[in-house]
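One letter stands for each residue in the lines below.
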Amino acid sequence: MVPEKRKLMVVSAALAAVVALPGCAPAGYDAADYGNAAEPAAANVAATPGASATEGAVDPNEADPTAEATEPAAPADAAEVGDDLVTKSLTGTSVARMGKVVEDQDGFVLYRFDDDGDDPAKSNCNGDCAKVWPPALTNDGEPTLKGVSADLVGTVTRADGTKQLTLKGWPLYRYVGDKKPGQWKGQNVNGKWFVITPTGTKNLTCLPKISKPVAPPADSAGSDSSDAGDSGSDYSY
């Protein structure tokens, strides 16, 4: 029995070391890109019992059958947004070190938020939160799809009346901290934001330490926003 117990301890230590490996982060990033939280993400992110892992992704957010969920009343007519704000396509692809992701038409990785709802779909990211995590907006709910099943794509009406794309019920977002296509610096921000896979699950292949979100971009007239989003913040979203 002792050798078996020792073997399990060695395996557990090895798994913990893998989570903490710097190689988990995208190439060219250092620890400062993810904040300096003392606790590793693995201590705060756990799969729901019975959930299965698929291609490095697990879904720990099965609906609680005892929970009472009520869908917010939607405006009679959804507010339309300009073409430059519309997410025109969803593409299931793979990126280095993370694996399966969903990207928009510009190649930016999309995320899901634990504080949102998926059954029914609901976005709880508004105000400054939506400046840091721009929602994947739509007017017709029909983005071009590649590597993403149309059966999983839907929409939810946001608090401001606009429509947002959802994947398996989860509202989709970009992260302003990602400065170029293929980055995923939003992974595990505040222990609530995660890269979403083409099937709507969290991608937990790589879990940097929990980090703080970047500050909302400056939007006042005449302000210099060239460095907006570069400094860490204490925001809760």
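The structure this text deals with has already been given above.
Our subject in this report is the structure included herewith. Worth saying up front: this structure is predicted, and the values here are computed from it rather than measured.

Scanning the chain from terminus to terminus reveals two helices and 13 strands. Here the chain holds 237 residues, and the buried ones make up 40% of them. The contacts in the chain between residues at least 6 apart in sequence include a share of 67% that link residues at least 24 apart. A total of about 12700 Å² of accessible surface is found on the chain, and carbon and sulfur atoms cover 52% of it.

Under the counting rule described, the total for this entry stands at six aromatic pairs. Residues Trp 133 and Tyr 175 carry aromatic rings whose centres are separated by 4.2 Å and whose planes lie at 25° to one another, so their mutual orientation is stacked. Note that Trp 133 is positioned in the loop between helix H2 (128–132) and strand S7 (137–138) and Tyr 175 in the loop between strand S11 (170–171) and strand S12 (193–195), a separation of 42 residues in sequence. For Tyr 175, a relative accessible area of 5% corresponds to the buried category. Considering the side-chain rings of Trp 133 and Trp 193, the 3.8 Å spacing of their centres and the 0° angle between planes classify their relative orientation as stacked. Linking Trp 133 in the loop between H2 and S7 with Trp 193 in strand S12, this pair joins segments that are 60 residues apart in sequence. Take Trp 133 and Trp 193: they sit in the same class, and that class is buried. One aromatic cluster is present, formed by Tyr 111, Phe 113, Trp 133, Tyr 173, Tyr 175 and Trp 193 through successive ring pairs. Lying across the ring of Trp 170, Arg 112 places its NZ or CZ 4.1 Å from the centre.

Let's shift gears to the sheet that holds strand S8 (residues 144–146). Read across the open sheet, the three strands follow the order S3-S2-S8; overall the sheet is mixed. The open sheet is flanked by strand S3 (99–103) and S8, the only strands paired with a single partner. On average, each strand axis in the sheet is inclined to that of its neighbour by 25°, with strand direction left out of account. Of the strand pairs in this sheet, strand S2 (residues 89–95) and S8 are connected by three bridges, and their pairing is parallel. Looking at the pairing, Ser 89 lines up with Thr 144 of S8.

A few words now on the pattern of salt bridges. Under the counting rule described, the total for this entry stands at six salt bridges. In this structure, the salt-bridge partner of Asp 104 is Arg 174, at a minimum N-O distance of 3.2 Å. In this pair, Asp 104 is assigned in the loop between S3 and strand S4 (111–113) and Arg 174 in the loop between S11 and S12, connecting sequence segments 70 residues apart. Where salt bridges share partners, they join Asp 104, Asp 106 and Arg 174 into one cluster.

With that out of the way, let us pick up the state of the cysteines. Taken as a whole, this structure holds one disulfide when the rule is applied. Across the disulfide from Cys 125 sits Cys 129; the S-S distance is 2.0 Å. In this structure the cystine formed by Cys 125 and Cys 129 twists about its S-S bond by roughly -110°; its chirality is therefore left-handed. Each member of the pair, Cys 125 as well as Cys 129, carries the same accessibility label: buried.

This paragraph deals with the pairing of strand S9 (residues 153–157). In the sheet, S9 pairs with strand S10 (residues 163–167) via five bridges, with the strands oriented antiparallel. In the strand pairing of S10, Thr 157 is matched with Lys 163. The turn linking S9 back onto S10 is made up of five residues, and Gly 161 within it adopts a positive phi angle of 90°.

As a further point, take the pairing of S3. By the bridge criterion, five bridges tie S2 to S3 in an arrangement that is antiparallel. For Ser 94, the partnering residue across the bridge sits in S3 and is Lys 100. The antiparallel hairpin formed by S2 and S3 contains three residues in its connecting segment, where Arg 97 sits at a positive phi of about 70°.

Criteria and thresholds
- Throughout this document, residue positions are counted from 1 along each chain, in the order its sequence is written.
- Local features in a predicted model are, by the rule used here, given only for residues with pLDDT of at least 70; side-chain atom pairs are given and counted only at 80 or more, and totals for whole chains, interfaces and linings are based on all residues.
- Note: side-chain values were computed over all heavy atoms of the structure, leaving out hydrogens and water.
- Put simply, DSSP marks the helices as runs of H or I at least four residues long and the strands as runs of E at least two long, and each gets a number from the N terminus on.
- Think of it in three bands: residues with accessible area under 20% of the maximum for their type are buried, residues over 50% are exposed, and the middle band is partly exposed, with areas taken using a 1.4 Å probe on protein chains only.
- The contact criterion used throughout is that any non-hydrogen atoms of two residues lie within 4.5 Å.
- The Shrake-Rupley method, run with a 1.4 Å probe sphere, supplies the accessible areas, and residue values consider only the shown protein chains as cover.
- Two rings from Phe, Tyr or Trp (for Trp, the six-membered ring) form a pair when their centres sit within 6.5 Å of each other. Planes less than 30 degrees apart are called stacked, planes more than 60 degrees apart edge-to-face, and all others tilted.
- Two thresholds decide whether a charge sits over a ring: the Lys NZ or Arg CZ must be within 6 Å of the ring centre and within 35 degrees of the ring normal.
- By this definition, two strands are paired if DSSP reports at least two bridges between them.
- Note on definitions: angles span 0 to 180 degrees between N-to-C directions of axes, and those axes are lines fitted to C-alpha atoms, for helices only across the stretch in contact.
- Any Lys or Arg side-chain nitrogen located within 4 Å of an Asp or Glu carboxyl oxygen qualifies as a salt bridge.
- Only a pair of cysteine sulfur atoms within 2.5 Å counts as a disulfide in this structure description.

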